[in-house]
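Close look at the chain arrangement
These are the residues of each chain, in order.
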Amino acid sequence: LRSLSLDRIPDWIQERAPGLRLEGDLIRRLHEKSAGSPWLVDEFVRRAAGKSDDAETSRTKVNGIADSQVLLRLPRKAEDAAFERVEALSPPERRILEILSAAHGPLAVRELEAIEELGNEAGAHEPDLAARVETLSEQGFLELREETGGALAHMCHLALASQIYRQMREDLRISVHR
């Protein structure tokens, strides 16, 4: 996605959170801090609309008005904001993102399932893969595309995929590449 202009940000926010209002010059400050990054603006909206697990962020939203504290806690880079969200995921959900990051491209969901099964410890039972993939798609981490051979999953943000890959323990990287 292209960077958002200052004029485009209010419409972008209203499309995602129709009831959210921003105080004073918060839109200008959001544009300055995010450099118009759609991912960071989306992350701001997610936090300001109270869709964050962060109790302090949720307290800053009163009567649909986003407080400047949400903006202050927003990381400078989209990858950092996204990585904070990755760290909050369950281990099975993170494992899917790690596998896709190591793949460096789209993977068929059936291949993802086979790789994940190889990495599971004997007897470990994980929640349904399809449900986890759908959740990650809804959260904006990955996209699903239907092909003739079945669904393909791929990371939405290459910079985030690279960051996840760099953060993986080496033994995990090796096991995924096998």
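Provided above is the structure to which this section pertains.
All of the points below concern the structure found in this document. No experiment lies behind these values; they were computed from the predicted model shown.

Quick notes on the rules
- Residues numbered from 1 in each chain as written.
- Predicted model: local features only at pLDDT ≥ 70, side-chain atom pairs only at ≥ 80, totals over all residues.
- Heavy atoms only, no water.
- Helix = DSSP H or I, 4+ residues; strand = E, 2+ residues; numbered from the N terminus.
- Buried < 20%, exposed > 50% of the residue type's maximum accessible area, 1.4 Å probe, protein only.
- Areas by Shrake-Rupley, 256 points an atom, 1.4 Å probe, with all protein chains shown as cover.
- Pairing = 2+ DSSP bridges.
- Phe/Tyr/Trp six-rings, centres within 6.5 Å; stacked < 30°, edge-to-face > 60°.
- Axes fitted to C-alpha atoms, helices over the stretch in contact; angles between N-to-C directions.
- Parallel < 35°, antiparallel > 145°, perpendicular 65-115°, else oblique.
- Contact = heavy atoms within 4.5 Å.
- Nonpolar A, V, L, I, M, F, W, Y, C, P; charged D, E, K, R; others polar.

1. Comments concerning the overall build of the protein chain
Helix and strand counts for the protein chain stand at 11 helices and five strands. In the protein chain, which comprises 178 residues, the share counted as buried stands at 40%. Surface summary for the protein chain: the accessible area is close to 10100 Å², and the carbon and sulfur share equals 49%.

2. Some points on the pairing of strand β5 (residues 150-155)
Most of β5 is tucked away: five of the six residues are buried. Bridge analysis of strand β3 (residues 107-108) against β5 gives two bridges, and the strand direction is antiparallel. Note on β5: the bridge partner recorded for Ala-108 is Leu-152. Across six bridges, the pairing between strand β4 (residues 142-147) and β5 is antiparallel. Considered in β5, the bridge of Glu-143 is made with His-154. Linkage of β4 to β5, two consecutive antiparallel strands, is achieved through a turn of two residues.

3. A look at the environment of Pro-92
With respect to the secondary-structure elements, Pro-92 resides in helix α7 (residues 91-103). We classify Pro-92 as buried; its relative accessible area is 14%. For the pair Pro-92 and Asp-128, spaced 36 residues apart in sequence, the C-alpha separation works out to 9.7 Å.

4. Describing the packing of aromatic side chains
Applying the stated rule across the entire model yields one aromatic pair. On the numbers, 6.5 Å between centres and 50° between planes, the contact of Trp-39 with Phe-141 is tilted. In this pair, Trp-39 is assigned in helix α3 (residues 38-48) and Phe-141 in the loop between α9 (129-138) and β4, connecting sequence segments 102 residues apart. Here Trp-39 falls in the buried class, since its relative accessible area comes to 14%.

5. Some thoughts on the packing of α7 against helix α10 (residues 158-167)
Packing of α7 against α10 brings their axes to within 8 Å, and their N-to-C directions diverge by 105°. On the basis of their axis angle, the class for α7 and α10 is roughly perpendicular. Here α7 contributes Leu-97, Glu-98, Ser-101 and Ala-102 to the contact with α10, which in turn contributes Ala-161, Ile-164 and Tyr-165. Looking at the contact of α7 with α10 residue by residue, the class counts come to five nonpolar, one polar and one charged.

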